[in-house]
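Commentary on secondary and tertiary structure
Listed here are the chains, written in short residue letters.
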Amino acid sequence: MAGLHKPASAVGGPATPRQPGFQAPPSMPRPAVANPAMVSAQAAESAASRAAAACRTVAELHEAIRAFEGCALKATATNTVIARGNPEAPLMIIGEAPGRDEDAQGAPFVGESGQLLDRMLKAIGRDESNVYISNVIFWRPPGNRDPSSEEILACKPFIERLIELVQPKVIACAGKHAAATLLGTTQGITRTRGRWHEYRRGDLVIPAMPLLHPAYLLRQPGVKREAWRDMLTLAAKLDEIAP
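Source: prediction; values computed, not measured.

What counts and how
- Residues numbered from 1 in each chain as written.
- Predicted model: local features only at pLDDT ≥ 70, side-chain atom pairs only at ≥ 80, totals over all residues.
- Heavy atoms only, no water.
- Core = buried A, V, L, I, M, F, W, Y, C linked by side-chain atoms within 4.5 Å.
- Buried < 20%, exposed > 50% of the residue type's maximum accessible area, 1.4 Å probe, protein only.
- Helix = DSSP H or I, 4+ residues; strand = E, 2+ residues; numbered from the N terminus.
- Contact = heavy atoms within 4.5 Å.
- Axes fitted to C-alpha atoms, helices over the stretch in contact; angles between N-to-C directions.
- Parallel < 35°, antiparallel > 145°, perpendicular 65-115°, else oblique.
- Nonpolar A, V, L, I, M, F, W, Y, C, P; charged D, E, K, R; others polar.
- Polar contact = N/O pair within 3.5 Å; in protein donor to acceptor, adjacent residues only side chain to side chain.
- pLDDT = per-residue confidence, 0-100.
- Phe/Tyr/Trp six-rings, centres within 6.5 Å; stacked < 30°, edge-to-face > 60°.
- Lys NZ or Arg CZ within 6 Å of the ring centre and 35° of its normal.
- Pairing = 2+ DSSP bridges.
- Disulfide = S-S within 2.5 Å.

**What about the nonpolar core?**
Core analysis: the biggest nonpolar cluster contains 62 residues, and Leu91, Ile93, Trp139, Phe158, Ile163, Leu182 and Tyr199 have the highest contact counts within it. Sort the elements by how many residues they give to this core and helix α5 (residues 149-166) lands first, with 8 residues. When residues no more than four places from it in sequence are discounted, the contact partners of Leu91 are Leu121, Asn130, Val131, Tyr132, Pro168, Val170, Ala172, Leu234 and Leu238.

In structure tokens, the structure reads:
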């Protein structure tokens, strides 16, 4: 009938959202889906940050770490492993995570690799009276596997607060995970070892050196000469800064 217009659907017009079979155009943005693991890790980091910031002493921080439930590794570990040595020492050594012996005894670097570390420290005149030793992770990963990024994220506020409270003159990062976590290094430990970096957090700036982890030296004894040179460099810096 003249003067009347047919509906768009009757003349081949575009479908509308109310019609069956409608699909959003490919260009229409889709809602982002959050990664549950990352959301959980960020929540754990926030909880750890609040707990760490509330601590005013090393002893309080130790208690806060033991009470923390935001790292899944705690459920499979025997002990919480925090530190050994003197918290007033000028040198702080920070490793990666506890192993079997550390988990059993509740102290860092007490197994075979820890005994090697003690011998290396003794060779430059250091022991538990003038060294403070910890890890970036406080619970043993099952099977001594590498810690995950989520586990490191959950524990990082605590090790950062521990450094703030101890305020060492020099930091030695033993192994790739310690160096990457605290210094932001992206190169492998064999390329960064023996070179000076800076640990920076707020107004705190501390000379820091990545070292080959003692466990690596046990597997690769041929690199002990390089490790010994690094220890001598570390000793020279300590003599210079904190004689």
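**Quick look at the packing of helix α2 (residues 58-67) against α5**
Between α2 and α5, whose axes approach to 10 Å, the crossing angle comes to 170 degrees. Comparing the axis directions of α2 and α5 gives the class roughly antiparallel. Facing α2, whose interface residues are Val58, Leu61, His62, Ala64 and Ile65, α5 presents Phe158, Arg161, Leu162, Leu165 and Val166. In terms of residue class, the contact of α2 with α5 is made up of 8 nonpolar, 1 polar and 1 charged.

**Side note on the environment of Lys74**
Along the chain, Lys74 falls in the loop between α2 and β1 (83-85). Along the primary structure Lys74 and Pro141 are separated by 67 residues, whereas in three dimensions their C-alpha atoms are 8.9 Å apart. Look past the residues within four positions of Lys74 in its chain and what remains in contact with it is Arg66, Ala67, Phe68, Glu69 and Trp139. A distance of 2.5 Å separates the side chain of Lys74 from the backbone oxygen of Arg66, its partner in a polar contact.

**Focus on the side chain of Asn130**
Inspection of the secondary structure puts Asn130 in the loop between α4 (112-123) and β3 (131-135). Side-chain polar atoms of Asn130 contact the backbone nitrogen of Asp127, separated by 2.8 Å. Not counting chain neighbours up to four residues away, the residues in contact with Asn130 comprise Ala89, Pro90, Leu91 and Gly125.

**Comments concerning the confidence of the model for the protein chain**
When pLDDT drops low, the exact placement of atoms in the prediction is not to be read closely. Confidence in the prediction for the protein chain averages 88 pLDDT; 84% of positions are at 70 or higher. Between residues 1-19, whose pLDDT stays under 50, and residues either more than four places distant or in other chains, the model counts 6 contacts.

**A word on the packing of aromatic side chains**
Summed over the entire model, instances satisfying the criterion amount to 3 aromatic pairs. An angle of 70 degrees between the planes, with centres 5.0 Å apart, marks the rings of Phe68 and Phe158 as edge-to-face. Here Phe68 is found in the loop between α2 and β1, whereas its partner Phe158 is found in helix α5, with 90 residues between them in sequence. Here Phe68 matches Phe158 in class, with each residue buried. Judged by centre distance (6.5 Å) and plane angle (75 degrees), the ring pair of Phe138 and Phe158 falls under edge-to-face. Residue Phe138 is located in the loop between β3 and α5, and its partner Phe158 is located in helix α5; the two are separated by 20 residues in the primary sequence. Like Phe158, Phe138 is buried. One aromatic cluster is present, built from ring pairs that chain together Phe68, Phe138, Trp139 and Phe158. The ring centre of Trp196 lies 5.0 Å from the NZ or CZ of Lys237, which sits over that ring.

**Structural notes on the pairing of strand β2 (residues 91-95)**
Counting buried residues along β2, 5 of its 5 residues qualify, which places the element largely inside the surrounding structure. Covered by surrounding structure in β2 are Leu91, Ile93 and Gly95 together with Met92 and Ile94, the residues of both alternating faces. Here 5 bridges tie β2 to β3, and the two strands are oriented parallel to one another. Within β3, the residue paired with Ile93 across the bridge is Ile133. In the sheet, β2 pairs with strand β4 (residues 170-174) via 4 bridges, with the strands oriented parallel. Residue pairing for β4: Ile94 is matched across the bridge by Cys173.

**With respect to the state of the cysteines**
Under the defined criterion, the tally for this structure stands at 0 disulfides. Residue Cys155 stays outside any disulfide, its sulfur separated by 4.1 Å from that of Cys71, the closest cysteine. For Cys155, a relative accessible area of 0% puts it in the buried group.

**A few points about the pairing of β4**
Taken across its 5 residues, β4 has 5 buried, putting it largely inside the fold. Residues of β4 alternate between two faces, with Val170, Ala172 and Ala174 on one and Ile171 and Cys173 on the opposite face, all of them buried. In this structure, β4 lies alongside strand β6 (residues 204-211), joined through 4 bridges in parallel fashion. The residue of β6 that forms the bridge with Ile171 is Ala208.

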